[in-house]
Amino acid sequence: MTERAKNTIEVRGFLQLDAFLRKRYGKPPVILEFHMPSTGYELADYFMIPLSEIEVIFVNGLVQSLDFIINPGDRVAFLPPGCPGPYRIALGFYGKNQHNEANFKLKK
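Nothing here was measured: the structure is a model prediction, and the numbers come from that model. (Residues numbered from 1 in each chain as written. Predicted model: local features only at pLDDT ≥ 70, side-chain atom pairs only at ≥ 80, totals over all residues. Heavy atoms only, no water.)

A. Focus on the overall build of the protein chain. If you tally the helices and strands in the protein chain, you get 4 helices and 9 strands. Ordered by position from N to C terminus, the α and β elements of the protein chain give α-β-α-β-β-α-β-β-β-β-α-β-β. Relative to its 108 residues, the protein chain shows a buried fraction of 35%. When contacts within the protein chain are restricted to residue pairs at least 6 apart in sequence, those whose partners lie at least 24 apart make up 61%. (Helix = DSSP H or I, 4+ residues; strand = E, 2+ residues; numbered from the N terminus. Buried < 20%, exposed > 50% of the residue type's maximum accessible area, 1.4 Å probe, protein only. Contact = heavy atoms within 4.5 Å.)

B. A look at the sheet that holds strand 5 (residues 62-64). Ordered in space as 2-1-7-4-5, the 5 strands form an open sheet in which the pairing is mixed. Only two strands of the sheet have a single neighbouring strand rather than two, namely strand 2 (30-33) and strand 5. Direction aside, neighbouring strands of the sheet carry axes that sit 30° apart on average. Note: strand 4 (residues 56-59) against strand 7 (residues 75-79), 4 bridges, orientation antiparallel. Across the sheet, Ile-57 pairs through a bridge with Phe-78, a residue of strand 7. Contacts from helix 2 (residues 16-25) reach strand 1 (8-13), strand 2 and strand 7 within the one sheet, and its direction differs from that of strand 1 by about 125°. (Pairing = 2+ DSSP bridges. Axes fitted to C-alpha atoms, helices over the stretch in contact; angles between N-to-C directions.)

C. Here's a closer look at empty space enclosed by the protein. This structure, assessed with the given rule, holds 1 cavity of 30 Å³ or more. Empty space within the largest cavity amounts to approximately 40 Å³. In terms of lining, the largest cavity is formed by Val-11, Arg-12, Gly-13, Asp-18, Leu-21, Arg-22, Gly-26, Pro-28 and Val-30. Those elements giving two or more residues to the lining of the largest cavity turn out to be strand 1 and helix 2. Of the residues assigned to the lining of the largest cavity, the class counts are 4 nonpolar, 2 polar and 3 charged. (1 Å grid on protein atoms, 1.4 Å probe; cavity = no way out; pocket = protein on both sides within 12 Å on 5 of 7 lines; lining within 4 Å. Points joined across faces, edges and corners; volume = space filled by probe spheres on them. Nonpolar A, V, L, I, M, F, W, Y, C, P; charged D, E, K, R; others polar.)

D. Focus on unusual backbone geometry. A cis amide bond, omega 0°, links Pro-28 with the succeeding residue Pro-29. Here Pro-29 is to be found in the loop between helix 2 and strand 2. Notably, Met-48 is not glycine yet its phi reads approximately 60°, a positive angle. Within the secondary structure, Met-48 sits in the loop between helix 3 (40-46) and strand 4. Here Met-48 falls in the exposed class, since its relative accessible area comes to 55%.

E. A look at the confidence of the model for the protein chain. Residues of the protein chain with pLDDT of at least 70 account for 71%, and the chain-wide mean is 82. A low-confidence stretch, residues 96-102 stays under pLDDT 50, and its non-local contacts, those more than four residues away or across chains, total 11 contacts. (pLDDT = per-residue confidence, 0-100.)

F. Looking closely at the pairing of strand 7. Counting buried residues in strand 7 gives 4 out of 5 residues, a clear majority hidden from the surface. Across 4 bridges, strand 1 lies against strand 7 in parallel orientation. Considered in strand 7, the bridge of Glu-10 is made with Arg-75.

Here's what the structure looks like:
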């Protein structure tokens, strides 16, 4: 891992969040200086993405909830609600509970 990669994260979006990030930051990925661990909630706040627009995040290719800790060097992608059904299962998450949080399981 290069020194730059150790002090940054790559951020992407899916579906409408991709368009949102492209409009503000240009062609993905958005490379963000990042020196301390942070949650997905804090990263969403930084990018001014409403929480209602995010169902799950991917961190280094794995589905995670917004309370997951993101570290320097990680690759992050925001996924909005509305991903088609078959893909939800293939990606490792499904449905939402009454608290508007994604239900998911990690494949081992």
